[in-house]
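Coordinate inspection notes
Residue strings, one per chain:
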Amino acid sequence: MASFPDFVNENEIGKAKFVGELLAPVAPFDQKSGRETWTVAFAPDGSYFAWSLGHRIVKLLPWSKCLADLSVRKDERSTGVGLQRLSRQNSLGTVTPLPGEPREHTIDCGDVVWGLAFGSSVPEKQSRCVNIEWHRFKFGQDQLLLATGLNNGRIKIWDVYTGKLLLNLMDHTDIVRDLTFAPDGSLVLVSASRDKTLRVWDLKDDGNMVKVLRGHQHWVYCSAFSPDSSVLCSVGAGKAVMLWNMDKYTLIRKLEGHHNDVVSCEFSPDGALLATASYDTRVILWDPHMGTIVMELGHLFPPPSPIFAGGANDRWVRSVSFCHDGRHIATITDDRLLRFWSIEEKSPQAIAPVANALCCAFSTGGSVLAAGSRDGSVHFWACPRSIASLQHLCRMALRRVMPTQQVHSLPIPVCMQDYLAYKTV
């Protein structure tokens, strides 16, 4: 089977621009299993990049310095000086930072790391636990935390600025596969686990567990908050895609459309679209307000029929990430390709070879994509550059505050309603 539809000339698809890479050290005792970079993450303010480089170790790297270091090494390679790849031995901590500058930290989490998530605090967002006046932690305006989900079911919370352990959360009974913080600064954390549950934690209430969300019949692979923190999407084995009301902790609806396990999900920056990635070789863009399919991004043509959807495992989609411009999506698949998509096209805008990639995430500014692989390394690629139209910027601004139902009630032409509802993508 072909990788691209017959009407798409693979030679006409752009090549993604390589930025650089971080390589994990290889020791004689290292085994293949346990070295995987299952997750990478960028801090909401763009100050840090977190990299699980295999086994128990997580690196916290100041992102601006990391990017500058990658650029220097890229220049060295282009001028023939030779690429000095980054490792633990010659990584970004060779120069002592000035007082007040972000510092690099190496964290030993004590077990294999599966999930990473940054959380930033807004003091005005109070804990949901109103009966407790005293708390162990007083989070300031500039507080930045890193949550790590481990193989033994524990979640460890770290202070990013000091690298110190703050909390050890112990309620899951199996691997914590994914973590996500509410983007509103409340420090509400959701963990997705192979024990078939999602758990909601309030870190401003000293990490107390608020709620257990039950509904998945199999492993839960990933979860993601909507930009306004009101809705949570969770995906998992058995074709599961679920939307939860995070004010009432109730199930809103299940989305039907995938034919195999769903392993990754993310909302668009305006919350109007939801992207889900599955082993059925497809990424589906949903309207989360209506529960309808807006668009499908196929990685195998013709697409496998539902009964054979699990057979094309060289096209399994491992990860999907929405760029912060709201116009680009990145996907990682087992066919050793990274694809950049435009929401206005059904074929990739740019591709790049990436061996054994498992996860991807856009930088906070959206200009760089990080892709983690099975050998513990991370590769960085530049997102295709384009100037957003004024129409799209207006659409995003409107959709941040207006659900699809209200869009359809606006006294405007149907074509404009369809554009605002992303029906024209």
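Computed from a prediction, not measured in an experiment: that's the story for all the values here.

**Observations regarding the side chain of Asp-287**
Of note, Asp-287 is situated in strand 21 (residues 282-287). Nearest to the buried, unbridged Asp-287 among oppositely charged side chains is Arg-399, at 5.0 Å. In this structure Asp-287 touches Ala-272, Thr-292, Val-294 and Thr-404, once residues within four positions along its chain are discounted.

**A few points about the environment of Cys-233**
With respect to the secondary-structure elements, Cys-233 resides in strand 16 (residues 231-236). It is 9.9 Å that separates the C-alpha atoms of Cys-233 and Ile-252, two residues lying 19 residues apart in sequence. Setting aside residues no more than four positions away along its own chain, Cys-233 makes contact with Cys-222, Ser-223, Ala-224, Val-241, Met-242, Leu-243, Cys-265, Phe-267 and Leu-274.

**Comments concerning the sheet that holds strand 14 (residues 208-214)**
Strands sit in the order 11-12-13-14 across an open sheet of 4 strands; the sheet is antiparallel. At either end of the open sheet lies a strand with only one pairing partner, and these are strand 11 (176-181) and strand 14. For this sheet, the mean inter-axis angle between neighbouring strands, taken without regard to orientation, is 20 degrees.

**Topic: unusual backbone geometry**
Trans is the prevailing form of peptide bonds, just as negative phi is the prevailing case for residues other than glycine. At Ser-229, a residue that is not glycine, the phi angle is positive and equals roughly 70 degrees. Mapped onto the elements, Ser-229 comes out in the loop between strand 15 (220-225) and strand 16. Unlike most non-glycine residues, Asn-356 shows phi in positive territory, near 55 degrees. The exposure class of Asn-356 is partly exposed, given its relative accessible area of 36%.

**So, the packing of aromatic side chains**
In this structure the tally under the stated criterion is 12 aromatic pairs. Considering the side-chain rings of Phe-18 and Trp-381, the 4.9 Å spacing of their centres and the 65 degrees angle between planes classify their relative orientation as edge-to-face. With Phe-18 in strand 2 (residues 17-22) and Trp-381 in strand 29 (residues 378-382), the pair connects residues that are 363 residues apart, well separated along the chain. Phe-18 sits in the buried class, given a relative accessible area of 19%. On the basis of relative accessibility, which here comes to 7%, the residue Trp-381 falls in the buried class. Ring geometry for Phe-42 versus Trp-63: centroids 4.9 Å apart, planes at 85 degrees, classification edge-to-face. Placement of the pair is Phe-42 in strand 3 (residues 40-42) and Trp-63 in helix 1 (residues 63-78), with a sequence separation of 21 residues.

**Considering the sheet that holds strand 21**
Strand-to-strand pairing in sheets goes through backbone hydrogen bonds, with the strands running parallel or antiparallel. Strand order across the open sheet formed by 4 strands is 19-20-21-22, with antiparallel pairing between neighbours. The open sheet terminates on both sides in strands that have one partner only, identified here as strand 19 (262-267) and strand 22 (292-298). On average, adjacent strands in this sheet sit at an angle of 20 degrees to one another, irrespective of strand direction. With 4 bridges connecting them, strand 20 (residues 274-278) and strand 21 associate as antiparallel partners. Bridging across to strand 21, Ala-277 finds its partner in Val-283.

Quick notes on the rules
Residues numbered from 1 in each chain as written. Predicted model: local features only at pLDDT ≥ 70, side-chain atom pairs only at ≥ 80, totals over all residues. Heavy atoms only, no water. Helix = DSSP H or I, 4+ residues; strand = E, 2+ residues; numbered from the N terminus. Buried < 20%, exposed > 50% of the residue type's maximum accessible area, 1.4 Å probe, protein only. Lys, Arg positive; Asp, Glu negative; His and termini not counted. Salt bridge = Lys/Arg side-chain N within 4 Å of Asp/Glu carboxyl O. Contact = heavy atoms within 4.5 Å. Pairing = 2+ DSSP bridges. Axes fitted to C-alpha atoms, helices over the stretch in contact; angles between N-to-C directions. Phe/Tyr/Trp six-rings, centres within 6.5 Å; stacked < 30°, edge-to-face > 60°.

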